[in-house]
Amino acid sequence: KQEVTQIPAALSVPEGENLVLNCSFTDSAIYNLQWFRQDPGKGLTSLLLIQSSQREQTSGRLNASLDKSSGRSTLYIAASQPGDSATYLCAPYTGFQKLVFGTGTRLLVSP
Amino acid sequence: GAVVSQHPSWVICKSGTSVKIECRSLDFQATTMFWYRQFPKQSLMLMATSNEGSKATYEQGVEKDKFLINHASLTLSTLTVTSAHPEDSSFYICSARSLDATYEQYFGPGTRLTVT
């Protein structure tokens with residue numbers, strides 16, 4: 001059974017810092033991997049999708065990497081802003097294209 | 001593109017009643033949709049996979065007779081919580097899978113169910 005762990009569970013930083021959020025998964029036999037953000041009481045916003053054949057994806061200040069062999073993915077946020085405050089979820093696509101969600105990292109960026 | 005809607009966005013019902021939640025893919029056809037549940041301060045847990053024109057596949061521990069799923073068209077899946085109880089109060093989120101090779105799932109905004 002796939003298990004996804006995200007470290008740290010919570011993170012509080014001042015505005016402007018560069019951040020690294022970590023995700024590890026126990027079964028390396030995954031297809032794609034996706035990073036989401038979730039604001040309190042809201043649904044999910046897709047940030048980046050890394051396809052199985054890719055090692056990283058970039059969108060604006062976000063960069064996500066994937067190392068399937070080691071069961072790890074990282075999300076790098078450059079020059080953090082208060083609007084980045086949210087919970088970040090990592091989710092690999094496993095067999096039958098199911099998503100397994102990680103435990104999440106709650107990020108607070110203070111002005 | 002790839003917009004998924006859910007209705008209602010929130011609902012309050014009395015214990016013992018049934019509630020239906022709709023999930024629609026607005027600008028694409030989805031042969032496969034997924035239903036998730038999220039309890040406070042927890043991550044999303046997959047409840048079931050909904051396939052157009054066939055029976056849903058439920059995850060272990062999810063009661064199929066309690067959570068009825070119908071996927072009657074390529075753009076609509078419904079989740080009915082039957083005989084709801086307070087412990088069913090949760091945030092229910094659906095997703096629709098794209099038909100391209102990425103298999104990316106597009107998520108709806110969620111439905112908050114409160115059972116009193």
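Now for a look at the structure at hand. (Residues numbered from 1 in each chain as written. Chains lettered and ligands numbered in written order. Predicted model: local features only at pLDDT ≥ 70, side-chain atom pairs only at ≥ 80, totals over all residues. Heavy atoms only, no water.)

**Examining the overall build of chain B**
In plain terms, the rule: Secondary structure elements are taken from DSSP: a helix is a run of H or I of four residues or more, a strand is a run of E of two residues or more, and numbering for both begins at the N terminus. Here the globule rule reads 2.2 Å times residues to the power 0.38, and the radius of gyration is calculated from C-alpha atoms. Relative accessibility decides the category of a residue: with a 1.4 Å probe and only protein chains considered, values under 20% of the type maximum give buried, values over 50% give exposed, and everything between is partly exposed. We call two residues contacting when some pair of their heavy atoms lies within 4.5 Å. Calculation of accessible area relied on Shrake-Rupley with a 1.4 Å probe; when residues are assessed, cover is drawn exclusively from the protein chains displayed. In summary, the charge assignment counts Lys and Arg as positive and Asp and Glu as negative, without counting His or the chain termini. In this description, the location of a charge corresponds to atom NZ of lysine, CZ of arginine, CG of aspartate or CD of glutamate.
Looking only at helices and strands, chain B features zero helices and 11 strands. Its helices and strands taken in sequence order, chain B reads β-β-β-β-β-β-β-β-β-β-β from the N to the C terminus. Taking 13 Å as the expected radius of gyration for a compact globule of 116 residues, we find that chain B reaches 13 Å, a close match to that expectation. C-alpha atoms of chain B, sized along the principal axes, occupy 40 × 25 × 20 Å. For chain B, buried positions account for 50% of its 116 residues. Within chain B, contacts between residues separated by at least 24 positions form 53% of all contacts whose residues are at least 6 apart in sequence. Looking at chain B as shown, the accessible area adds up to about 5700 Å², and 53% of this sits on carbon and sulfur atoms. Computing the positive centroid from 10 side-chain charges and the negative centroid from 10, chain B places the two 7 Å apart.

**Let's talk about the interface of chain B and chain A**
Note: interface size is frequently given as the accessible area lost on complex formation between the parts. For clarity, the threshold we go by: By buried area we mean how much accessible surface two parts lose on assembly, using a 1.4 Å probe and totalling the loss over both. We define a salt bridge as a side-chain nitrogen of Lys or Arg found within 4 Å of a carboxyl oxygen belonging to Asp or Glu. Side-chain atoms alone can form a polar contact between residues adjacent in sequence; in general such a contact is a pair of N or O atoms within 3.5 Å, and within protein one must be able to donate a hydrogen while the other accepts it. Under the convention adopted here, Pro, Cys and the residues Ala, Val, Leu, Ile, Met, Phe, Trp and Tyr are nonpolar, Asp, Glu, Lys and Arg are charged, and Gly plus all remaining residues are polar.
Taken together, the contacts link 19 residues of chain B with 20 residues of chain A. Carbon and sulfur atoms make up 54% of the surface buried where chain B meets chain A, a total of about 1400 Å² over both sides. Salt-bridge contacts for lysine 98 of chain A lead to glutamate 59 of chain B; the nearest nitrogen and oxygen are separated by 2.6 Å. Where chain B touches chain A, the interface holds six residue pairs in polar contact (both at pLDDT 80 or more). At the level of secondary structure, the elements contributing two or more residues to the side of chain B that touches chain A comprise β4 (32-38), β5 (45-51), β9 (90-97) and β10 (105-107) of chain B. Partitioned by chemical class, the residues of the side of chain B that touches chain A number nine nonpolar, six polar and four charged.

**Topic: the sheet that holds strand β7 (residues 62-67) of chain A**
Residue and element names in this part refer to chain A. The criterion, for reference: Strands are treated as partners if at least two bridges between them are detected by DSSP. Angular values range over 0 to 180 degrees, each being the angle between N-to-C directions of two axes fitted as lines to C-alpha atoms, with helices fitted over their stretch in contact.
Strand order in the open sheet formed by five strands is β1-β3-β8-β7-β6, with antiparallel pairing between adjacent strands. Here the strands that pair on one side only, and so sit at the sheet edges, are β1 (4-7) and β6 (56-59). Across the sheet, the axes of successive neighbouring strands diverge by a mean angle of 15 degrees, strand direction being ignored. One ladder, built from six bridges, connects β7 with strand β8 (residues 72-77); its direction is antiparallel. If you follow asparagine 63 over to β8, its bridge partner there is tyrosine 76.

**A closer look at the state of the cysteines**
Spelled out, the test is: Pairs of cysteine sulfur atoms within 2.5 Å are identified as disulfides in what follows.
By the definition in use, this model includes two disulfides over all chains. Here cysteine 23 of chain A is linked by a disulfide to cysteine 90 of chain A, with a sulfur-sulfur distance of 2.0 Å. Its torsion about the S-S bond being -55 degrees, the disulfide of cysteine 23 of chain A and cysteine 90 of chain A is classed as left-handed. Taken as a pair, cysteine 23 of chain A in strand β3 (residues 19-25) and cysteine 90 of chain A in strand β9 (residues 86-92) lie far apart in primary sequence, 67 residues in all. As far as the burial class goes, cysteine 23 of chain A and cysteine 90 of chain A line up, both buried. Between the sulfur atoms of cysteine 23 of chain B and its disulfide mate cysteine 94 of chain B the distance is 2.0 Å.

**As for the packing of aromatic side chains**
Cut-off, in case you're wondering: Side-chain rings of Phe, Tyr and Trp, where Trp is taken by its six-membered ring, are said to pair if the distance between their centres is within 6.5 Å; with planes under 30 degrees apart they count as stacked, over 60 as edge-to-face, and otherwise as tilted.
One pass over the structure, following the stated rule, counts seven aromatic pairs over all chains. Arranged with centres 5.6 Å apart and planes meeting at 40 degrees, the rings of phenylalanine 36 of chain A and phenylalanine 101 of chain A form a pair that is tilted. Remark: phenylalanine 101 of chain A occurs in the loop between β9 and β10 (105-110) and phenylalanine 36 of chain A occurs in strand β4 (residues 33-38); sequence separation between them is 65 residues. Relative to tyrosine 92 of chain B, the ring of phenylalanine 67 of chain B has its centre 6.4 Å away and its plane inclined at 40 degrees; by these criteria the two rings are tilted.

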